[in-house]
Structures are given as structure tokens and as C-alpha cells.
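# Topology and contacts: notes
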Amino acid sequence: MTLLELDSLDSYYGQSRAIEDISFTVEQGDVLAMFGRNGAGKTTTLRSIVGVLQPREGTVRFKARDVTGLPKFERVQMGMGYVPEDRQVWSNLTVAENLAVPAGRGGSRTPEDAYELFPTLNELRGARAGTLSGGEQQMLAMARGLLGGTELLLLDEPTEGLAPKIVADVREAITRLADELTIVLVEQNLDLALSVADHVVVLSNGELVHAADAEGLSADDEVLREHVSI
Ligand code: ATP
């Protein structure tokens, strides 16, 4: 079953077009990795999917429903979870409080499920989010994104700026999430992304220039090398 379908999306910042004619589909249970250089339009595409940004043209369908024009909170209620690049955890709240807020919106996945997926967070329940390391904050942001009834998780560069040891933890967490959820993953770490992805799309200058199955693709693939900064 197709969970997410983008049809010819154009999104702008003011007069400036950031993405043009972006179309792809994501099947339920799959992981789609989105690659491209800085400024290629990956974040803009995620923001257009979740409704932080309204596309000027095109359609977003989620669970076979046209959600274009719906505000973000309604898409989240329908089952989208968005983990932005800058994580946006609530620094002054504890880990448990950060997880209590989205858990209040209903759905089946509880903070206890999140602690099971992220044992590190379990030990940090009482710690203020602002005191956590970058990797711990990333895990908290991901845990928050999947609470409630999330079916589609949108992850924007979850390993950016993290130490290699922490990257390994985040990789493991994403691998476990991939068993439960449909994921759109923006990730510059090609090895990590290719190890979890089923399909790959490559953006360049706001346009989709390549789509492929992840199987058989390697980080030194010519198309990836051309369009992804390493
Ligand atoms: P990065 O890895 O740097 O986040 P990206 O592939 O996610 O890159 P986007 O952030 O989607 O790319 O940017 C696409 C284009 O839109 C770029 O030309 C960028 O300069 C522009 N852009 C992004 N955010 C804004 C904004 N808030 N206002 C104006 N232009 C923006």
C-alpha cells in the first residue's frame, strides 16, 4: 500500500523556488533515503510533506487522502512525525516531560515503548533535555517523533554533528525504527542510509534527478558521488 505520494510539488521561500516538480511515492513499511548536496531541497521537501511549508503547486497524499493545505498539526494527528535538523527538544523540560507532551495526543505508542527503543533515554528520564549530549538529544527528538500514532517518520539529518560512537547508536535506533515504521530519511552518511533504505531519491538544485532501489547501490555509486557531498 502506498502511504505517501508527492505529485509535482513546487515550494517557494518568498519569490525563490526551492523545489520544482518533485514526485515520488513511499510504500508502507519502506525506508526512503533522500540525498543531495546542501541546498538541494531535501529539508524543503520534508517541510512540504509535513505542512510546515505549503507547496505552491502539487499534491501531498497521505494514507490515500489529499492533505495538501492541511495544517501541520492535522497531519501529525493523522500519523506523521517530523524530526527537524535542529531537533527542537524543549531544553527546560526533562526527558520524561518532553515525551509526556506528544504522548498526550493519543495513539498506541507510549513513552514506555520509546524507552524500550532508546534505553539511554530510560536512564535519563529526570534529566533536563538541555543538559543532554547532542546524540542524546537526537534520540529524544526521534523518540518524541514516534509517539502516539506515528506511521510515517520524517528524519532530517539525524547524525549531523554527532561523534562516530554516537552515530553508531543512532544507526542502531534507526534500524530498529525501520522495522516498525515507514521512514523518509535525509542523511549525508551514505553507508548508514544505504544500510537501512529500500529506495533512494537524489535531489539537485531543487529537482529530483535520480530514483533507484537501494539494493545494489553503494556509497561510491557514480550518481551518488556526483550529487552528494562527501
Ligand atoms: P541542507 O542540507 O543545507 O539543509 P537541503 O537539501 O535540505 O540542504 P533546503 O534547505 O531545502 O536544502 O534548501 C533548498 C533551497 O531553499 C536553497 O537554495 C536554500 O538556500 C533555500 N532556502 C532554505 N530555507 C530557506 C528559507 N528559510 N528562506 C529562504 N530560502 C531558503
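Up top is the structure.
Described below are features of the structure shown in this document. Model, not experiment: these values are computed from the prediction.

## Observations concerning the pairing of strand β6 (residues 80-83)
Residues Met80 and Tyr82 of β6 are buried on one face, and the alternating residues Gly81 and Val83, pointing to the opposite face, are buried as well. As defined by bridge partners, β6 adjoins strand β7 (residues 152-156) across four bridges and the pair is classed as parallel. By the bridge assignment for β7, Met80 is matched with Leu152.

## Notes on the sheet that holds strand β3 (residues 31-35)
Across the sheet, six strands lie side by side as β6-β7-β8-β3-β9-β10; this open sheet has mixed pairing. Two strands close off the open sheet at either side, each with one partner strand: β6 and β10 (207-213). Along the sheet, successive strands turn relative to each other by an average axial angle of 15°, direction set aside. Of the strand pairs in this sheet, β3 and strand β8 (residues 182-186) are connected by four bridges, and their pairing is parallel.

## Description of the environment of Gly81
Turning to its location among the elements, Gly81 is positioned in strand β6. As a C-alpha pair, Gly81 and Ala211 span 130 residues in sequence and 23 Å in three-dimensional space. For Gly81, the contacting residues outside a window of four places in its chain are Gly145, Thr150, Leu152, Leu153 and Leu154.

## Considering the pattern of salt bridges
Under the criterion given, the structure shown has six salt bridges. The partner of Arg176 in a salt bridge is Glu172, with the nearest N and O atoms 3.4 Å apart. Remark: Glu172 and Arg176 occur in helix α7 (residues 164-180); sequence separation between them is four residues, near one turn of the helix. Classification of Arg176 by relative accessible area gives partly exposed; the value is 28%.

## Details of the site of the ligand
Around the ligand sit Tyr13, Ala18, Arg37, Asn38, Gly39, Ala40, Gly41, Lys42, Thr43, Thr44, Glu85 and Glu157, and that is every residue in its neighbourhood. The contact in question runs from an oxygen atom of the ligand to an N or O atom on the side chain of Glu157, over 3.2 Å. Bound to the protein, the ligand loses 59% of the 630 Å² it would expose on its own. Sort the elements by how many residues they give to the shell around the ligand and helix α1 (residues 42-50) lands first, with three residues. Taken together, the residues of the shell around the ligand sort by class into three nonpolar, five polar and four charged.

## Some points on the packing of aromatic side chains
Scanning all chains against the criterion turns up zero aromatic pairs. Over the aromatic face of Tyr12 sits the side chain of Arg56, whose NZ or CZ is 3.7 Å from the ring centroid. If you follow Arg144 out to its NZ or CZ, it ends over the ring of Trp90, 4.3 Å from the centre.

## Quick look at the sheet that holds strand β2 (residues 16-27)
Read across the open sheet, the four strands follow the order β2-β1-β4-β5; overall the sheet is antiparallel. Two strands bound the open sheet, and with one partner strand each, they are β2 and β5 (65-66). Of the strand pairs in this sheet, strand β1 (residues 2-13) and β2 are connected by eight bridges, and their pairing is antiparallel. Bridging across to β2, Glu5 finds its partner in Thr25. Sheet contacts for α1: β1, β2 and β4 (57-62); angle to β1, the most-contacted strand, approximately 115°.

## Let's talk about the side chain of Arg75
Looking at the secondary structure, you find Arg75 in helix α2 (residues 72-78). Of the buried charged residues, Arg75 lacks a salt bridge, with Asp66 as the closest side chain of opposite charge at 7.5 Å. Those residues in contact with Arg75 that sit more than four places away from it in its chain are Ser48, Ile49, Val50, Gly51, Gln54, Val60, Phe62, Val67, Thr68, Gly69, Leu70 and Met80.

So, how was this worked out
Residues numbered from 1 in each chain as written. Predicted model: local features only at pLDDT ≥ 70, side-chain atom pairs only at ≥ 80, totals over all residues. Heavy atoms only, no water. Buried < 20%, exposed > 50% of the residue type's maximum accessible area, 1.4 Å probe, protein only. Helix = DSSP H or I, 4+ residues; strand = E, 2+ residues; numbered from the N terminus. Pairing = 2+ DSSP bridges. Axes fitted to C-alpha atoms, helices over the stretch in contact; angles between N-to-C directions. Contact = heavy atoms within 4.5 Å. Salt bridge = Lys/Arg side-chain N within 4 Å of Asp/Glu carboxyl O. Near = heavy atom within 4 Å. Polar contact = N/O pair within 3.5 Å; in protein donor to acceptor, adjacent residues only side chain to side chain. Areas by Shrake-Rupley, 256 points an atom, 1.4 Å probe, with all protein chains shown as cover. Nonpolar A, V, L, I, M, F, W, Y, C, P; charged D, E, K, R; others polar. Phe/Tyr/Trp six-rings, centres within 6.5 Å; stacked < 30°, edge-to-face > 60°. Lys NZ or Arg CZ within 6 Å of the ring centre and 35° of its normal. Lys, Arg positive; Asp, Glu negative; His and termini not counted.

Geometric descriptors of this kind do not, in isolation, establish any biological role.
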